[in-house]
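Read off the chains here:
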Amino acid sequence: MIRDKLASPTARMTAAVAILGGTAGNLVTSGTAWAQVIGAPRPGQMGMPEAVTDVGHDINFFHDVILLPIITVISLFVLALLIYVSTKFHEAKNPVPARTTHNAVLEVAWTVIPVIILLFIAAFSFPLLTKQLVIPKADHVIKVTGTPGWAWQWSYPKEENGGFEFTSKLLDQDKLPPGKLRLLDVDNEAVVPVGKVIRVQVTADPAGIIHSFVIPSFGIRIDAVPGRLNETWFKAEKEGVYYGQCSKLCGKDHAYMPAVVRVVSEARYKQWLEEAKKNFAATHTPVRYAEAGAAQ
Ligand SMILES: [Cu+2]
């Protein structure tokens, strides 16, 4: 797989040279050759995917440094208690049980300690939630629509020098080109510039069902609901290809509707826009975009 091929620094350097040597003309069709695959799962991977946004880093910190140690300690503590009571108070060892029913100190402790733990978690959780929900001033806006045909439709508004939309469908798994990822690569990838705030408007076709738009490396997980416009944002700090999968049990092809975002330099983004405008002109239908802040 391309991920494995790019694992060594030398391979990455070679890939980088190949990317720099690429021409604008084959931007749309050259596949994974012009950006490194970062946001894809690796064989045998443990833990969270590599984060490339501020929110993504915070999520990984929250999971790895705050939640995982707490839940590990609690699980081990409960396990130790279970082993302790099941051995010490086993019927054979403790034929005459004590008749104690209350212990004020213990009862206060098992109420107050969990409250303190929850407050500690909240101290990290609420700022993160705020960061996810308060969208900074956007450089670009794109709209993603979950379609009834189990695919994502990407719309680039006219105001953004776009004015086109396209549907992103999973590649035919029986004729998967070499280097393409099984169940992840699509025919038309979304392309965005690196280091820019992208406001993502997420919804689902009124004739369809609820999906969930997810790109783990961006720290994005948001429902795509018919008749409702949800908004989220990301600012990718690294060029590369990032994958996500629908995260709502939406129906028979739930597992076959990946979302793929390619993060490129501003110059390449502009080139891609020109290519895409021509390529997707035939399928263009006017798209309406909500005013910023009017999503609720
Ligand atoms: Cu779905």
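Residues numbered from 1 in each chain as written. Predicted model: local features only at pLDDT ≥ 70, side-chain atom pairs only at ≥ 80, totals over all residues.

1. A few points about the overall build of the chain
Counting its regular elements, the chain contains five helices and 11 strands. Burial status across the chain gives 28% buried among its 296 residues. (Helix = DSSP H or I, 4+ residues; strand = E, 2+ residues; numbered from the N terminus. Buried ≥ 20, exposed ≤ 12 C-beta atoms within 10 Å, placed from the backbone.)

2. Let's talk about the nonpolar core
Counting residues in each nonpolar core, the largest one holds 47 residues, and the members touching the most others are Ile-142, Val-144, Tyr-242 and Val-261. Here this core takes five residues from strand 11 (residues 258–264), the largest share from any one element. When near neighbours in sequence (up to four residues on either side) are disregarded, Val-261 contacts Glu-189, Ala-190, Val-192, Ile-215 and Tyr-242. (Core = buried A, V, L, I, M, F, W, Y, C linked by C-beta atoms within 7 Å. Contact = placed C-beta atoms within 7 Å.)

3. Looking at the sheet that holds strand 1 (residues 37–39)
Taken in spatial order, the four strands make up an open sheet running 1-10-11-5, and their pairing is mixed. Every other strand in the sheet has two partners, leaving strand 1 and strand 5 (190–193) as the edge strands with one partner each. Neighbour to neighbour, the strand axes of the sheet diverge by 30 degrees on average, direction disregarded. Bridge count for strand 5 against strand 11 is four bridges, and the pairing is parallel. Across the sheet, residue Val-191 finds its bridge partner in strand 11, namely Arg-262. Where helix 5 (residues 266–279) meets the sheet, it contacts strand 5 and strand 11, and its direction lies at approximately 140 degrees from that of strand 5. (Pairing = 2+ DSSP bridges. Axes fitted to C-alpha atoms, helices over the stretch in contact; angles between N-to-C directions.)

4. Focus: the sheet that holds strand 3 (residues 152–156)
Taking strand neighbours across the sheet as the criterion, the five strands line up as 4-3-2-6-9 in an open arrangement whose pairing is mixed. At either margin of the open sheet sits one strand with a lone partner, and together these are strand 4 (164–168) and strand 9 (230–234). Ignoring strand direction, the axes of neighbouring strands in this sheet form an average angle of 25 degrees. Strand direction decides the pairing type here: strand 3 and strand 4, joined by five bridges, are antiparallel. Bridging from a neighbouring strand, Trp-152 pairs with Ser-168 of strand 4.

5. Section: unusual backbone geometry
Phi at Trp-150 is positive, roughly 55 degrees, even though this residue is not glycine. Positionally, Trp-150 belongs in the loop between strand 2 (140–146) and strand 3. On the basis of neighbour counts, which here come to 20 C-beta atoms within 10 Å, the residue Trp-150 falls in the buried class. Here the phi dihedral of Leu-183 falls at roughly 65 degrees; this positive angle occurs in a residue that is not glycine. By the secondary structure assignment, Leu-183 is in the loop between strand 4 and strand 5.

6. A word on the packing of helix 3 (residues 54–88) against helix 4 (residues 104–133)
Close contact between helix 3 and helix 4 brings their axes to 10 Å; oriented N to C, the two are set at 170 degrees. By the angle between their directions, the pair helix 3 and helix 4 is classed as roughly antiparallel. Residue-level contacts link Asp-54, Val-55, Asp-58, Ile-59, Phe-62, Ile-66 and Ile-70 of helix 3 to Ile-117, Ile-121, Phe-124, Ser-125, Leu-128, Lys-131 and Gln-132 of helix 4. Grouping the constituent residues of the contact of helix 3 with helix 4 by class yields nine nonpolar, two polar and three charged. (Parallel < 35°, antiparallel > 145°, perpendicular 65-115°, else oblique. Nonpolar A, V, L, I, M, F, W, Y, C, P; charged D, E, K, R; others polar.)

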